[in-house]
Amino acid sequence: MRISRLAMVQFNPIVGDLSGNVRAIAKWIKEAKQARADVIVLPEMAVTGYPPEDLVLRPSFLKDTKRALDDVVKHCRGMTAVVGFIQDAGIDKHPRSASFSASRKSRALFNAAAIVHDRQVIATYAKMVLPNYGVFDERRYFRPGTRPLVFVLNGIRYGVNICEDIWDSDGPARDESRRGKAHIILNINASPYHMGKDTVRESLLVERARENGVIVSYTNMVGGQDEIIFDGQSMLVNAAGDVIARGKAFEEDLLITDMNIDEKGIKLPRLKKQGMGAEDPGRPVQQVVLSREYEPKRRRLLAPQYAKPLESLEEVYRALVLGVHDYVKKNQFKKVLVGISGGIDSALTVVIAVDALGPDHVTGVFMPSVFTSKESRQDSRQLMQGLHVPLLEIPITKLWKQYLHVLDPVFEKRSHDTTEENLQARIRGNLLMALSNKFGHLVLTTGNKSEMSVGYATLYGDMAGGFAVIKDLSKTLVYELAKYRNQRAQSEMGMNLIPPRIIDRPPSAELKPHQTDQDTLPPYNVLDPILEAYVEEDRSFDEIVRMGFPSKMVQRVMTMVDRSEYKRRQAPVGIKITERALGKDRRMPVTNRYVKQ
């Protein structure tokens, strides 16, 4: 029985913090050594963090990245490691016409993995399948690799590939297992989270393991990077398609697993029976032999680690908490400010902030106007008292009336409309940014995806701030998460965190008497499915109407979405939790006369 002890590291790097990332990697290597692992595997671009974006166009960044990798190598005494980094192959003598460069001299860069053995880089693998959709822009920066890689250590054959490579059934895993006769595929990742992604990944890895007759090790990054969340949830799948080990969700983790590579289903004859033998040779595979013969090691076999997958609402909530924590901490803010209105959006935002940062690092700001209800005032105070978070109160009625007085001659006695309503939101945004400016705190905005999609938000008002926590949550999902968090609080503390009346009251901006959101918008249980179909699924007008929605309502919603693109371009970054978030995922022109048929 041949055993491979694998240490899979899902850790939380900071983009550009090369020395900090090296220190973290050194710590993980030390732990893997103590566990007597044969191979330690670190995520995609572990050295630099992911995605480094246009940092890779700076020659100094590339030089420092090389030095950082050299520092990692020094820590690998007596160890074999697979480390994600950026490989700079120098000036590209044959640049692609579509390649991007900030200078006349284009460099040949690769999203790569270094195979390090006993303080030497013995081989590198360059990612072959470069994603260029959604949040990914890898073809902007990198060239695709051309050669699959297998290295042999203690008689066991390891194939190496990176993230998107494993999603392609004809990708390098196929060549490494069939032609390279790999026993184990080591796939390193910076795979962003969206709802349901873990289930999709698991199905894919099971398919790859079965079709290639190999063990698949999937090591994923964890942490928040601007709007992207990496969820960890690394997996180890045997050749029969069983998930035998799973990392924690949204936490750093070291997954150490003993694998019997001689278990049924791993040997090459099985592949030949499936028509995958010599008649289908595939691409040439680079092979590096470190030690050909297997020598057993005296060590007690370890039980597999298996973190239970999260339920869907807990998964989304944990993603939001991690996103807030990492954005605030990685950008070196000490505290955050949240405008508290007595509504559901600000309530959920401040609860997430407290869970992410603790109550001592959060301040609420209540800015009542003449239209603010007593219920909003009471609920805001109750919410913040339950969270043990200070609540500043800054009334805006006098300021608003002064604005009206100054503008009255210019407005030429025109009747009040949304202009006067939006002035209140802009005064609040101005006050929040003044507090931010004075104390150095980050303002968290409270707008949701439903509002941002149709433009039901005030530019330079409630959109003013530094980070949009619930930007990718539909209004209906906001309600679901608020109820989930209350259920958890009831279970843990016997109390609600969000006053039930905040959840039960009709949502209102309270910018005029007796106002509700439904004065302007369709009910959210109708609006959100239309938005999901149009914004996230790119369905046509006719398709959405056939789903059972009135044609006039569909046309109105689609028009509101299209006309609000200029607002969304000016919104702060926010946490991505759907497959198609507003921003990097959905890129529409602001100037646009296309009329839907």
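In what follows, the structure referred to is the one given above.
No experiment lies behind these values; they were computed from the predicted model shown.

With 13 residues, helix α17 (residues 551-563) ought to run about 18 Å at 1.5 Å a step, and its terminal C-alpha atoms sit 18 Å apart, in line with that. Among the residues of α17, those classed as buried are Val-554, Val-557, Met-558, Met-560 and Val-561. For α17, the buried positions fall inside an angular range of 160° around the axis, keeping them on one side. Pointing more than 90 degrees away from the buried face of α17 are the exposed residues Lys-552 and Arg-563. Tucked into the core, α17 has its buried residues touching α12 (449-454), α15 (524-536), α16 (541-546) and α18 (565-569).

Attention now moves to helix α8 (residues 344-357). The end-to-end C-alpha distance of α8, which contains 14 residues, comes to 20 Å, matching closely the 20 Å that a straight helix rising 1.5 Å per residue would cover. Of the residues trailing α8, Gly-358 is marked for its positive phi of about 90°.

Turning to the sheet that holds strand β16 (residues 336-340), a few remarks are in order. Spatial ordering of the open sheet is given by β18-β17-β16-β19-β20, a layout of 5 strands whose pairing is parallel. Looking at the sheet topology across the chains shown, the edges are occupied by β18 (391-393) and β20 (467-468). Pairing of strand β17 (residues 362-366) with β18, which is carried by 3 bridges, proceeds in the parallel orientation. Directly across from Val-365, in β18, lies its bridge partner Leu-392. Lying over the sheet, α8 contacts β16, β17 and β19 (442-445), oriented at roughly 160° with respect to β16. Strand contacts of helix α9 (residues 374-387): β16, β17 and β18, with the helix running at about 150° to β18, the strand carrying the most contacts.

So, on to the pattern of salt bridges. One pass over the full model with this rule turns up 42 salt bridges. Measuring nitrogen to oxygen at the nearest pair gives 3.3 Å for the salt bridge that ties Arg-381 to Glu-393. Of this pair, Arg-381 sits in helix α9 while Glu-393 sits in strand β18, and the two are 12 residues apart along the sequence. Note on Arg-381: relative accessible area 39%, which makes it partly exposed. Between Glu-412 and Arg-414 there is a salt bridge, and its shortest N-O distance comes to 4.0 Å. By relative accessible area, Glu-412 is classed as exposed at 57%. The class for Arg-414 is exposed, based on a relative accessible area of 61%. Members of the salt-bridge network, linked through shared partners, are Asp-379, Arg-501, Arg-505 and Glu-510.

A separate point is unusual backbone geometry. Following Tyr-50, the chain continues to Pro-51 via a peptide bond in cis, the omega torsion being -10°. One can find Pro-51 in the loop between β2 (39-41) and α2 (59-74). The phi dihedral of Lys-413 falls on the positive side, at around 60°, and the residue is not glycine. By the element assignment, Lys-413 lies in the loop between α10 (397-411) and α11 (418-439).

About the criteria used
- Residues numbered from 1 in each chain as written.
- Predicted model: local features only at pLDDT ≥ 70, side-chain atom pairs only at ≥ 80, totals over all residues.
- Heavy atoms only, no water.
- Helix = DSSP H or I, 4+ residues; strand = E, 2+ residues; numbered from the N terminus.
- Expected span 1.5 Å × (residues − 1).
- Buried < 20%, exposed > 50% of the residue type's maximum accessible area, 1.4 Å probe, protein only.
- Arc of directions from axis to C-beta.
- Contact = heavy atoms within 4.5 Å.
- Pairing = 2+ DSSP bridges.
- Axes fitted to C-alpha atoms, helices over the stretch in contact; angles between N-to-C directions.
- Salt bridge = Lys/Arg side-chain N within 4 Å of Asp/Glu carboxyl O.

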